[in-house]
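# Results of the structural survey
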Amino acid sequence: MRNMMKEYLGDDYSDNCVRNFCLYWIKASQGSGSEWRKNNDLDCLYYNGDLRADTLMSAWSPVKMVADYLNRDTGKVFFKKRADCDDPFHDLRLLAEDTDAYLPPKHRLVIKLNKFLKLAEQACNYFLLPDSRMNCERYRININGKAVWLFDQVPATLAHLFDKESLGKYFLDEKGNVDRKKLTEWLVNEKLTFGFEDGKTDKDHIKPLIKGLDPYKAKWLTDEDEIDEALTYMMSLLSERNKSFGNEEV
């Protein structure tokens, strides 16, 4: 299967997955709008420009979680795009140009992060939404006038699909309730059933990101053990999707 990250970066592509993503984010941010996105967002590139395409698991969120945690003693906090300096991509360039200085390659979090990113740049990390509007709402959604943060976390996405006031609004039947058949068909088609336990695609069988965290309530992670556990979950789910595409284990 084609690796669109490799094709998009061309000669700048390398075995350094953090660097690849940083260079991709910088390059893809040089334009905006639907036409630009069709030809510059990895999700759209994997789906021939379809604007319903989305990234299943954010690569930036775990990069930031790990980098912020490992550099906490220096007070360094990383941003994908800065508004407080002349170069808005200053932090991305730092990570791209001197990755090991900020992400020590032998640290257990970095080892897992790199394995996740290797999967995250491939087709197994991209899927089609029922409606392109869901793209932004998977990070933050307004429910009954209140902002609710989902952080693109898969368990949160899956849990909110069963709430007609939340992401479930994209699967409503004629009576205004979540159409379970329609939702289940979409989950199967998009290979999202790996996010459930015991083969049951209902809200009570959603695999949690970390132990004790209600899937409906996403959480930004700052604890080392929680970040580690989340990376394990993310790698596992992407590995399952990757194998379902007929690809070899990464």
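The shown structure was predicted, so the numbers you read here are calculated from the model rather than taken from an experiment. (Residues numbered from 1 in each chain as written. Predicted model: local features only at pLDDT ≥ 70, side-chain atom pairs only at ≥ 80, totals over all residues. Heavy atoms only, no water.)

The subject of this paragraph is the packing of aromatic side chains. Under the counting rule described, the total for this entry stands at twelve aromatic pairs. Relative to W25, the ring of F21 lies with its centre 5.4 Å away and its plane at 40 degrees, an arrangement referred to as tilted. Of this pair, F21 and W25 both sit in helix α2 (residues 17–28), four residues apart, which is roughly one turn of the helix. For F21, a relative accessible area of 3% corresponds to the buried category. Look at W25 and you get buried, because its relative accessible area is 7%. Look at W149 and F151: their rings are 5.8 Å apart centre to centre, the planes differ by 20 degrees, and that puts the pair in the stacked class. By relative accessible area, which is 14% here, F151 ends up buried. (Phe/Tyr/Trp six-rings, centres within 6.5 Å; stacked < 30°, edge-to-face > 60°. Helix = DSSP H or I, 4+ residues; strand = E, 2+ residues; numbered from the N terminus. Buried < 20%, exposed > 50% of the residue type's maximum accessible area, 1.4 Å probe, protein only.)

Now for the pattern of salt bridges. Under the criterion given, the structure shown has 21 salt bridges. Between K243 and E240 there is a salt bridge, and its shortest N-O distance comes to 3.3 Å. You can see K243 and its partner E240 sitting in helix α12 (residues 224–244), three residues apart, about one turn around the helix. Note on K243: relative accessible area 42%, which makes it partly exposed. When its relative accessible area of 31% is taken as the criterion, E240 is described as partly exposed. (Salt bridge = Lys/Arg side-chain N within 4 Å of Asp/Glu carboxyl O.)

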